[in-house]
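The lines below spell out each chain.
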Amino acid sequence: MRRVRYEHSGGPEVLFSEDVPVPAPGPGELLVRVAAAGVTLPVVRKVREPRDPIPLGGEVAGEVVSTGDGVSGYAPGDRVTGLCFGHGYAEFALLHTTMASPVPDGASAADAVALVRSGLVAYGALDAARPAPGEAGLVTAAAGGVGHIALQLARLRGASRVVGAVSDGGAGRGKAGFLRSLGADEVVTYGEESWGEPVDYVLDAVGGELLTPAVRALAPHGRLVAYSSGGGTVEAYDLLVGAKSVIGFQMALIARGRPEVYEAWRRELWRLFSTGAVRPAVHAEFALEDAAKAHAVIEARSNLGKVVLIP
């Protein structure tokens, strides 16, 4: 089978494809013929980090080919999607049943990939913010795979005002129409002196230097949910003077430590999808061999929704 990996850190140019044997499913695992694999900002960032290479991937959708020992509830031919913590940029991938979810009729593989991780992260980050009906929220990286779903979910949870924050420059300005079509009341760019009227919560996917203006955008008693892999620091005094708080969120901890919560969120996302309340957007589909092009799109912050690989 074909898969994509890298041997040393760098930009999209370090990715290459190779032929390797098809893996065999272990206990509790599904061997999935991948129909779509998601490309995420955390993975793109990790390729650039000066560290040992990691398996590329995070979410896949496809058809079950075979099952490992102890598997029940899934059989060859089933359409599934889920979080893949091994090699996901591949023609075949291993998916543990605890991370798997059936793909309902009417959903494409690309739809499933857009919901399985990005939707779950969006749902979990919003839940961590404890939004009350009538509160105002702001979403950074609002046009990205997670952000564009978080924006829709905030509206569904009763937000009185939803603000989408995006990168500066032409790419950022071109996202306003897309975000307004999904329910954003306002769209701001990171470099603006003010992000408008204060909000009650911020869902931040960027981190780094953006944490300071994100905290500044909060009203007194506001909450910042940080789920970015970008790091960064927050001045304690900036929190103290407004009685503001910062909450960290990581999807893997929920998936592994609170599977019942993970499953409840997953069921609710599929329900919202089936009713048309949440619309995952797929920006572009790239061939597996063009993974470098997909990474370049993410790095340029030019995507409107999810970027997907099609083996």
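Structure shown above.
Quick caveat: nothing in here was measured; it's all calculated off a predicted structure.

Caption draft 1: Looking closely at empty space enclosed by the protein. A full pass over the atoms with the stated rule returns one cavity of 30 Å³ or more. Roughly 40 Å³ of internal volume is contained in the largest cavity. Lining of the largest cavity is provided by T81, L115, V116, L120, R266, L269 and W270. Those elements giving two or more residues to the lining of the largest cavity turn out to be α2 (109-128) and α9 (259-275). Each residue belonging to the lining of the largest cavity can be placed in one class, and the counts come to five nonpolar, one polar and one charged.

Caption draft 2: Seen up close, the sheet that holds strand β8 (residues 136-140). With parallel pairing, six strands are arranged side by side in an open sheet as β10-β9-β8-β11-β12-β13. For this open sheet the edge positions go to β10 (186-189) and β13 (245-248), each flanked by a neighbour on one side alone. Ignoring strand direction, the axes of neighbouring strands in this sheet form an average angle of 20 degrees. Here α2 sits on the sheet in contact with β11 (199-204), β12 (218-226) and β13, set at roughly 145 degrees to β11. Against the sheet, helix α3 (residues 147-156) contacts β8, β9 (161-166) and β11, and its axis sits at roughly 170 degrees relative to β9.

Caption draft 3: The nonpolar core, seen in detail. If you look at the biggest cluster of nonpolar residues, it comprises 63 residues, and the most contacted ones within it are L153, L179, L203 and F249. For this core, the element with the most residues is α2, which contributes 11 residues. If sequence neighbours within four positions are ignored, L153 has contacts with G119, A122, Y123, L126, L269, L272 and V278. Counting residues in each nonpolar core, the second largest holds 26 residues, with V4, V34, C84 and A284 among its members.

Caption draft 4: Just unusual backbone geometry, in detail. Not every positive phi belongs to a glycine, and R130 is a case in point at roughly 50 degrees. By the secondary structure assignment, R130 is in the loop between α2 and β8. On the basis of relative accessible area, R130 is assigned to the exposed category, the value being 52%. Unusually for a residue other than glycine, H221 sits at a positive phi of about 70 degrees. Among the secondary structure elements, H221 is positioned in strand β12.

Caption draft 5: View of the environment of P213. With respect to the helices and strands, P213 occurs in helix α6 (residues 211-216). Distance from P213 to S194, taken between C-alpha atoms, is 8.3 Å for residues 19 residues apart in sequence.

Caption draft 6: Focus on α3. Within α3, eight of the 10 residues are buried, which leaves it mostly tucked inside the rest of the structure. Listed as buried for α3 are G147, H148, I149, A150, L151, Q152, L153 and A154. Note on α3: the residue one or two positions beyond its end, G158, has a positive phi of about 95 degrees.

Caption draft 7: Molecular detail of the packing of α2 against α3. At a minimum axis separation of 8 Å, α2 and α3 run at an interaxial angle of 50 degrees. For the element pair α2 / α3, the angle class is oblique. Our pair here, α2 against α3, has a crossing hand that is right-handed. Here A114, L115, S118, G119, A122, Y123 and L126 of α2 come into contact with α3, specifically with I149, A150, L153 and A154. Its residues assigned to classes, the contact of α2 with α3 shows nine nonpolar, two polar and no charged.

Caption draft 8: Spatial organisation of the packing of aromatic side chains. Enumeration over the complete set of coordinates arrives at four aromatic pairs. When the ring centre of F85 is taken as origin, the NZ or CZ atom of R256, which lies over that ring, is 4.4 Å away.

Caption draft 9: A look at the packing of α2 against α9. Their axes nearest at 9 Å, the elements α2 and α9 cross at an angle of 120 degrees. Regarding the angle of α2 to α9, the classification is oblique. Crossing hand, α2 versus α9: right-handed. On α9, the residues touching D111, A112, L115, G119, L120, Y123, G124 and D127 of α2 are Y262, W265, R266, E268, L269, W270 and F273.

Scoring rules and cut-offs
- Residues numbered from 1 in each chain as written.
- Predicted model: local features only at pLDDT ≥ 70, side-chain atom pairs only at ≥ 80, totals over all residues.
- Heavy atoms only, no water.
- 1 Å grid on protein atoms, 1.4 Å probe; cavity = no way out; pocket = protein on both sides within 12 Å on 5 of 7 lines; lining within 4 Å.
- Points joined across faces, edges and corners; volume = space filled by probe spheres on them.
- Helix = DSSP H or I, 4+ residues; strand = E, 2+ residues; numbered from the N terminus.
- Nonpolar A, V, L, I, M, F, W, Y, C, P; charged D, E, K, R; others polar.
- Pairing = 2+ DSSP bridges.
- Axes fitted to C-alpha atoms, helices over the stretch in contact; angles between N-to-C directions.
- Contact = heavy atoms within 4.5 Å.
- Core = buried A, V, L, I, M, F, W, Y, C linked by side-chain atoms within 4.5 Å.
- Buried < 20%, exposed > 50% of the residue type's maximum accessible area, 1.4 Å probe, protein only.
- Parallel < 35°, antiparallel > 145°, perpendicular 65-115°, else oblique.
- Left-handed = near helix turned anticlockwise from the far one by under 90°.
- Phe/Tyr/Trp six-rings, centres within 6.5 Å; stacked < 30°, edge-to-face > 60°.
- Lys NZ or Arg CZ within 6 Å of the ring centre and 35° of its normal.

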